[in-house]
Amino acid sequence: MTSITSIPAPRSPRVRTSRRTTRGNFELYGWIFMRVSGVVLVVLIFGHLFTNLIAGQGIKAIDFGFVAGKWASPLWQVWDLFMLWLAMIHGSNGVRTIINDYAERDHTRLVLKIVLVAAFLITVVLGTLVIFTFDPCPAGGPINLLPSFCSA
Amino acid sequence: MTATRDSAAPTPSSPEPKLGAVPSFDVTLRIRRFLPESGKDEAYWEEFTVTAYGTDRLLDALHQVKWEHDGSLSFRRSCAHGVCGSDAMRINGRNRLACKVLLKDLNPDKPITVEPIKGLPVIKDLIVDMEPFFASYREIMPFLVTNGHEPTRERLQSVAERERFDDTTKCILCAACTSSCPVFWTDGQYFGPAAIVNAHRFIFDSRDEGGSQRLEILNDKEGVWRCRTTFNCTEACPRGIEVTKAIQEVKRAMITRAI
């Protein structure tokens, strides 16, 4: 009648009595940010997809000149900047939540969060730099690939 | 009954059941055992087969195992009628009260798995240490908080004001909700649905004046914001409390208070 299988030993959760209280509005604002940024991102991303893939000549228009032309306009600089920052903060906060939910040991949590923050910083800093320091008319570039306003 | 209509007609050795008789059947319980006195660190599965009737609950089958097969089987039960909240266990993977689940509703053809509720330390067999659960409950101050002098008469409230928190007064602290929550399983630090439900019961009580304090307590890193709305708690609650809805109402109260 008795069957023995390999089951993990009954485990004890971390004791609650020594728990420090961690009150504050951080998680509250984080929760609101996730909802608001989600709605804003839907508008930003679909606007981005529409102008790049559907409007004008559609997908065939995308080349170096198209992208360079877009980033020469302050509207698209701001649009892409918002898209980059909101998506990165929204996504990283989501992954932070997943780490909190699934990583069981404090050490694992710490390591995963360091990796997450590093990935976030590299992407956001590089992306922001590209948006603002992008040179649409590199010297000696092939004329047929550059945007039309570079002819001067 | 004609023999042609039903190929599985009763054989002469088993006479047709009398009208109104309760059908009996064999049912196998697959119980997760843990015996600390055995010196072994491992839990294991043990199967028992008992004869049950259509009116029997899982608790009756567990009694039969304990009283007639193996007296060392340990589980909690007090009132045995779904009110005291002692016998919450994981039955076929779902948190239920053993005294409220009928065996015939569990598909007796297959072994019924019975495990202790998850996320709390197992003491023996189906008995877990409820202390971490009650510690969270105590933290949210589950008692009336008021200011000023005690009134000379009852603290009156309207029917609508009473209705506002009626759902969350039904909690029997069985821990079925908290121990069904995946966030609680991870490290047991989350306050858990039961504590939030009992805070909700006072936060939305017009007579209570400690709402702000309770919201402050639950505005913790391990408070309501860890809820992922998986609805496991609502599904598990033997009293039918809309637990996830209560948690969301507490969240909303916090946001309204902060902004």
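Residues numbered from 1 in each chain as written. Chains lettered and ligands numbered in written order. Predicted model: local features only at pLDDT ≥ 70, side-chain atom pairs only at ≥ 80, totals over all residues. Heavy atoms only, no water.

### A word on the overall build of chain B
Alright, step 1. Each helix and strand in chain B was counted, giving eight helices and seven strands.
Alright, step 2. Against the compact-globule benchmark of 18 Å for 259 residues, chain B has a radius of gyration of 23 Å, which places it well outside the compact range.
Alright, step 3. With respect to the three principal axes, the spread of C-alpha positions in chain B is 80 × 50 × 35 Å.
Alright, step 4. Counting across all 259 residues of chain B, residues that qualify as buried make up 52%.
Alright, step 5. Summed over its atoms, the accessible surface of chain B is roughly 12,800 Å², and 52% of this surface lies on carbon and sulfur atoms. (Helix = DSSP H or I, 4+ residues; strand = E, 2+ residues; numbered from the N terminus. Rg over C-alpha atoms; globule rule 2.2 N^0.38 Å. Buried < 20%, exposed > 50% of the residue type's maximum accessible area, 1.4 Å probe, protein only. Areas by Shrake-Rupley, 256 points an atom, 1.4 Å probe, with all protein chains shown as cover.)

### Topic: the packing of helix α5 (residues 193-203) of chain B against helix α6 (residues 211-218) of chain B
Residue and element names in this part refer to chain B.
Alright, step 1. Put simply, α5 and α6 touch, their axes get as near as 9 Å, and they point 155° apart. In terms of orientation, α5 and α6 fall into the roughly antiparallel class. Handedness of the α5/α6 crossing: left-handed. Along the contact surface, α5 presents Ile 196, Ala 199, Phe 202 and Ile 203, while α6 presents Gly 211, Arg 214, Leu 215 and Leu 218.
Alright, step 2. In terms of residue class, the contact of α5 with α6 is made up of six nonpolar, one polar and one charged. (Axes fitted to C-alpha atoms, helices over the stretch in contact; angles between N-to-C directions. Parallel < 35°, antiparallel > 145°, perpendicular 65-115°, else oblique. Left-handed = near helix turned anticlockwise from the far one by under 90°. Contact = heavy atoms within 4.5 Å. Nonpolar A, V, L, I, M, F, W, Y, C, P; charged D, E, K, R; others polar.)

### Considering the pattern of salt bridges
Residues and elements named next belong to chain B.
Alright, step 1. Applying the stated criterion across every chain yields a total of 25 salt bridges over all chains.
Alright, step 2. For Arg 94, the salt bridge identified is with Glu 235, shortest N-O distance 2.6 Å. Of the two residues, Arg 94 sits in strand β4 (residues 94-97) while Glu 235 sits in helix α7 (residues 232-236), which places them 141 residues apart along the sequence.
Alright, step 3. Two residues, Lys 221 and Glu 222, come together in a salt bridge whose shortest N-O distance is 3.6 Å.
Alright, step 4. Its relative accessible area of 8% is what places Glu 222 among the buried residues. (Salt bridge = Lys/Arg side-chain N within 4 Å of Asp/Glu carboxyl O.)

### A look at the packing of aromatic side chains
Alright, step 1. Scanning all chains against the criterion turns up five aromatic pairs over all chains.
Alright, step 2. An angle of 50° between the planes, with centres 5.4 Å apart, marks the rings of Trp 31 of chain A and Trp 225 of chain B as tilted. Here the residue Trp 31 of chain A occupies a position in helix α1 (residues 26-54), and Trp 225 of chain B occupies one in the loop between α6 and α7, the pair thus bridging two chains.
Alright, step 3. Overall, Trp 225 of chain B belongs to the buried group, its relative accessible area being 3%.
Alright, step 4. With a centroid separation of 5.1 Å and an interplanar angle of 50°, the aromatic rings of Trp 76 of chain A and Trp 79 of chain A are classed as tilted. With Trp 76 of chain A and Trp 79 of chain A both in helix α3 (residues 74-102) and three residues apart, this pair spans about one turn of that helix.
Alright, step 5. Here a set of aromatic residues connected by ring pairs shows up, and it is made of Phe 64, Trp 71 and Phe 134 of chain A.
Alright, step 6. It is Arg 35 of chain A that lies over the ring of Trp 31 of chain A; its NZ or CZ is 4.0 Å from the centre. (Phe/Tyr/Trp six-rings, centres within 6.5 Å; stacked < 30°, edge-to-face > 60°. Lys NZ or Arg CZ within 6 Å of the ring centre and 35° of its normal.)

### A short note on the pairing of strand β3 (residues 88-91) of chain B
Residue and element names in this part refer to chain B.
Alright, step 1. Burial along β3 is two-sided: Ala 88 and Arg 90 and Met 89 and Ile 91, pointing in opposite directions, are all buried.
Alright, step 2. Summarising the sheet, β3 and β4 pair through four bridges and their orientation is antiparallel. When the sheet's bridge partners are listed, Arg 90 is paired in β4 with Asn 95.
Alright, step 3. Hairpin connection between β3 and β4: a loop of two residues separates the two successive antiparallel strands, and Asn 92 in this loop has a positive phi of roughly 50°.
Alright, step 4. Of the strand pairs in this sheet, β3 and strand β5 (residues 112-115) are connected by two bridges, and their pairing is antiparallel. Its bridge partner being in β5, Arg 90 is matched across the sheet by Glu 115. (Pairing = 2+ DSSP bridges.)

### Remarks on the environment of Asp 125 of chain B
Residue and element names in this part refer to chain B.
Alright, step 1. Among the structural elements, Asp 125 can be located in the loop between β6 (122-124) and β7 (127-128).
Alright, step 2. On a C-alpha basis, the gap between Asp 125 and Tyr 44 in space is 9.5 Å, while along the polypeptide they are 81 residues apart.
Alright, step 3. Other than its neighbours up to four places away in sequence, Asp 125 contacts Arg 32, Arg 33, Phe 34, Leu 35, Ser 72, Leu 73, Ser 74 and Pro 116.
Alright, step 4. A polar atom in the side chain of Asp 125 sits 2.9 Å from the backbone nitrogen of Ser 74. (Polar contact = N/O pair within 3.5 Å; in protein donor to acceptor, adjacent residues only side chain to side chain.)

### Remarks on helix α4 (residues 106-133) of chain A
Alright, step 1. In a regular helix each residue adds 1.5 Å, so 28 residues correspond to 40 Å; α4 of chain A covers 40 Å between its end C-alpha atoms and thus fits that length.
Alright, step 2. Of all the positions in α4 of chain A, only Arg 109, Leu 116, Phe 120, Val 124, Gly 127, Thr 128 and Ile 131 of chain A are classed as buried.
Alright, step 3. If you follow the buried residues of α4 of chain A, they end up packed against α2 (64-71) and α3 of chain A together with α4 (182-187) of chain B. (Expected span 1.5 Å × (residues − 1).)

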